[in-house]
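Spelled out from the first residue to the last, the chains are:
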Amino acid sequence: MGAAGPAGAPQDRGPTAAAGCRMRMLALLCIASLWLGAAWAVPAREERRKAEKLNDDLELYDPDSYDLTLDNYGDIIDLSNYEELYDYGDFAPKVEVGTLAPRPKNPVALPTLGAVAEPMNPQPPSPPAPIPAQGLPSCLLCLCIDTSVYCDDADLEHIPLLPPETTYLYARFNRIGAIRASDFTGLKKLKRIDLSSNFISWADADAFHQLPSLQELLLPQNRLTALPELPPSIIRLDARLNRIPSAGLRHEAFRDLKQLQFLHLSDNQLDYIPVPLPQSLRSLHLQNNNIQTMLEDTFCDSQDHSQIRRALEDIRLDGNPINLSLFPNAYFCLPRLPTGRFS
Ligand SMILES: *[C@@H]1O[C@H](CO)[C@@H](O)[C@H](O)[C@H]1NC(C)=O
């Protein structure tokens, strides 16, 4: 990226950046960069401790060399580390951009986007806009950059009211307890929802179904016991580290999701591998569940021995009681054997 912040050389962050800010009196930019710097620092509070593991994972990787998006996700990536790579690989570059919040290209089309405001001291527009009944608009509570809304670590208990143009929502490390269908109504451009590390124990069954552009739904480290219905556009579902039993999945929940490539449900309470799995699937992470058995047809069609399922190259079943040696005819179509216990 090499995006020099408004203050000093890109190599000199921290104190130098703060001094540079003072010199140039760019108060708004300082607020933005310091605010982002605070969000980036290792959280100290007890309730943020769970963030540290994820932050540690991030530091193992250089974000610039793992600038993963769904568009450039290539064959060279080691899928076994996919979760750690992916979660924050796209976050760091956006933070750099965030030191200078761009003006909306078309302020008329984006009336509530592009604004930077301090949660403690919001600048009311004149005349003051009416505050919706649902609460403060998200761009006063959060940081809106173009059509991305950043609400990380903001003590939120509810999903804030989002601008209709929102494409990416990041609301990680909050105290959100439930997802309501009304939270996302009309957000036709929403592509990614990241609610990692909240207290979500309930999601309305139809909360995400009406989102025609949704590609990534990220709900790891919550308290879900059931998965809501997913839209056919979904490419990546991450619901690791929840409490989902097999009974919490809809019948044939993933069969008709023809775009689904990444299904990550590790560290839950699943008793079975959810079948049928769509042909588009590339990565299935089910480690650390309670899976004890499976069907010969779970991955491959036992009636068609010429079948090759090249896409499905990353299956993790380790940390389950299942003895994979008991199903010798279940893997013939796969490019690689699943990871797990073969003894
Ligand atoms: C797993 O299955 C294989 C093949 O039937 C068998 O030889 C092995 O003893 C089993 N392992 C355990 C721990 O049950």
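Since the model is a prediction, treat every value here as computed from it, not as a measurement. (Residues numbered from 1 in each chain as written. Predicted model: local features only at pLDDT ≥ 70, side-chain atom pairs only at ≥ 80, totals over all residues. Heavy atoms only, no water.)

1. Some thoughts on the overall build of the protein chain
As a reminder of what qualifies: A run of H or I in DSSP becomes a helix once it reaches four residues, and a run of E becomes a strand once it reaches two; helices and strands are each numbered from the N terminus. Two residues qualify as a contact provided that any one of their heavy atoms is within 4.5 Å of a heavy atom in the partner residue.
A count of helices and strands for the protein chain gives six helices and eleven strands. Long-range pairs, those at least 24 residues apart, make up 49% of the contacts in the protein chain with a sequence separation of at least 6.

2. A short note on the state of the cysteines
Put simply, the rule is: Cysteine sulfur pairs qualify as disulfides if the two atoms are within 2.5 Å. Per-residue accessibility, obtained with a 1.4 Å probe over protein chains only, is compared with the maximum for each type, and a residue is labelled buried under 20%, exposed over 50%, and partly exposed between these values.
Inspection of the entire model under this criterion finds three disulfides. For C142, the disulfide goes to C151, at an S-S distance of 2.0 Å. As the torsion about the S-S bond is roughly 100°, the C142-C151 disulfide counts as right-handed. Of the two residues examined, C142 and C151, each falls in the buried class.

3. Let's talk about the nonpolar core
Applied cut-off: Definition of nonpolar core: a set of buried residues of the types Ala, Val, Leu, Ile, Met, Phe, Trp, Tyr and Cys, connected through side-chain atoms within 4.5 Å.
One finds L169, I179, F184, I193, F254, L284 and F299 to be the most contacted residues of the largest nonpolar core, which totals 58 residues. When residues no more than four places from it in sequence are discounted, the contact partners of L284 are L263, I273, L277, F299, L312, D314, I315 and R316. In terms of nonpolar packing, the next biggest core, distinct from the first, is built from five residues, L143, Y150, Y168 and Y170 among them.

4. Some remarks on the site of the ligand
Convention followed: Whether a residue is near a molecule or strand is decided by its heavy atoms; if any one of them lies within 4 Å of it, the residue is near. Identification of polar contacts relies on pairs of N or O atoms within 3.5 Å, with a donor-acceptor requirement for protein atoms, meaning one able to donate a hydrogen and the other able to accept it, and with residues adjacent in sequence counted only if both atoms are side-chain atoms. Areas reported here follow the Shrake-Rupley algorithm with a probe of radius 1.4 Å; residue values treat only the protein chains shown as occluding.
Surrounding the ligand, one finds N323, S325, L326, R341 and S343. One of the side-chain N or O atoms of N323 is found 2.4 Å from an oxygen atom in the ligand. Backbone polar atom of S343 to a nitrogen atom of the ligand: 2.8 Å apart, as the coordinates give it. When isolated, the ligand has an accessible area of 360 Å², and the protein chains bury 37% of it.

5. Here's the deal with the sheet that holds strand β2 (residues 148–150)
This is how the line gets drawn: DSSP bridges decide pairing: two strands pair if at least two such bridges lie between them. Helix axes are fitted to C-alpha atoms over the stretch in contact, other axes to C-alpha atoms as well, and angles between N-to-C directions run from 0 to 180 degrees.
In space, the nine strands of this open sheet follow the order β1-β2-β3-β5-β7-β8-β9-β10-β11, with mixed pairing throughout. Of all strands in the sheet, those bounded by a partner on one side alone are β1 (143–145) and β11 (314–316). Ignoring which end each strand starts from, the neighbouring axes of this sheet average 5° apart. As paired elements, β2 and strand β3 (residues 168–170) share three bridges and run parallel to each other. Its bridge partner lying in β3, V149 is registered against L169.

6. Notes on the side chain of S283
As for its placement among the helices and strands, S283 is situated in strand β10 (residues 283–285). A polar side-chain atom of S283 sits 2.8 Å from a polar atom in the side chain of H264. Here S283 is in contact with Q261, F262, L263, H264, L312 and D314, once residues within four sequence places are set aside.

7. What about the environment of Y168?
Residue placement: Y168 occurs in strand β3. In sequence terms Y168 and T147 are 21 residues apart; their C-alpha atoms lie 6.7 Å from each other. Setting aside anything within four residues of it in sequence, one finds Y168 in contact with T147, S148, V149, L190, K191 and R192.

8. A short note on unusual backbone geometry
The omega torsion of the bond from V275 to P276 falls at -5°, within 30 degrees of zero and hence cis. Topologically, P276 is positioned in the loop between β9 (262–264) and β10. A positive phi is found at Q221, a non-glycine position, where the angle reads about 60°. With respect to the secondary-structure elements, Q221 resides in the loop between β7 (216–218) and β8 (236–238).

9. A word on the confidence of the model for the protein chain
Rules: A score from 0 to 100, pLDDT tells how confident the predictor is in each residue.
Taken over all residues, the pLDDT of the protein chain has a mean of 73, while the share at 70 or more is 60%. Segment residues 1–135 is flagged for pLDDT under 50; beyond a separation of four residues in sequence, or across chains, it makes 161 contacts in the model.

10. Observations concerning the packing of aromatic side chains
Rule in force here: Working definition: a ring pair exists when centres of Phe, Tyr or Trp rings (six-membered ring for Trp) sit within 6.5 Å. Plane angles under 30 degrees give stacked, over 60 give edge-to-face, the rest tilted. Charge-over-ring placement is defined geometrically: NZ (Lys) or CZ (Arg) within 6 Å of the ring centre, and within 35 degrees of the ring normal.
This model, assessed by the stated rule, comprises three aromatic pairs. Between the aromatic rings of Y150 and Y170, the centroid separation amounts to 4.8 Å while the plane-to-plane angle is 5°, which identifies the pairing as stacked. Of this pair, Y150 sits in strand β2 while Y170 sits in strand β3; the two residues are 20 residues apart in sequence, bridging distant segments of the chain. This pair shows no difference in class: Y150 is buried, exactly as Y170 is. In this structure, R223 is placed above the aromatic ring of F199, and the distance from its NZ or CZ to the ring centre is 4.4 Å.

11. Digging into the pattern of salt bridges
Formally: Salt bridges are defined by distance alone: a side-chain nitrogen of Lys or Arg within 4 Å of a carboxyl oxygen of Asp or Glu.
Taken as a whole and assessed by the stated rule, the structure comprises 14 salt bridges. Between R172 and D152 there is a salt bridge, with the nearest N and O atoms lying 2.9 Å from each other. One end of the pair, R172, is in the loop between β3 and β4 (178–179); the other, D152, is in the loop between β2 and β3, and 20 residues separate them in sequence. Taking the relative accessible area as the measure of exposure, R172 reaches 0% and is therefore buried. On the basis of relative accessibility, which here comes to 10%, the residue D152 falls in the buried class.

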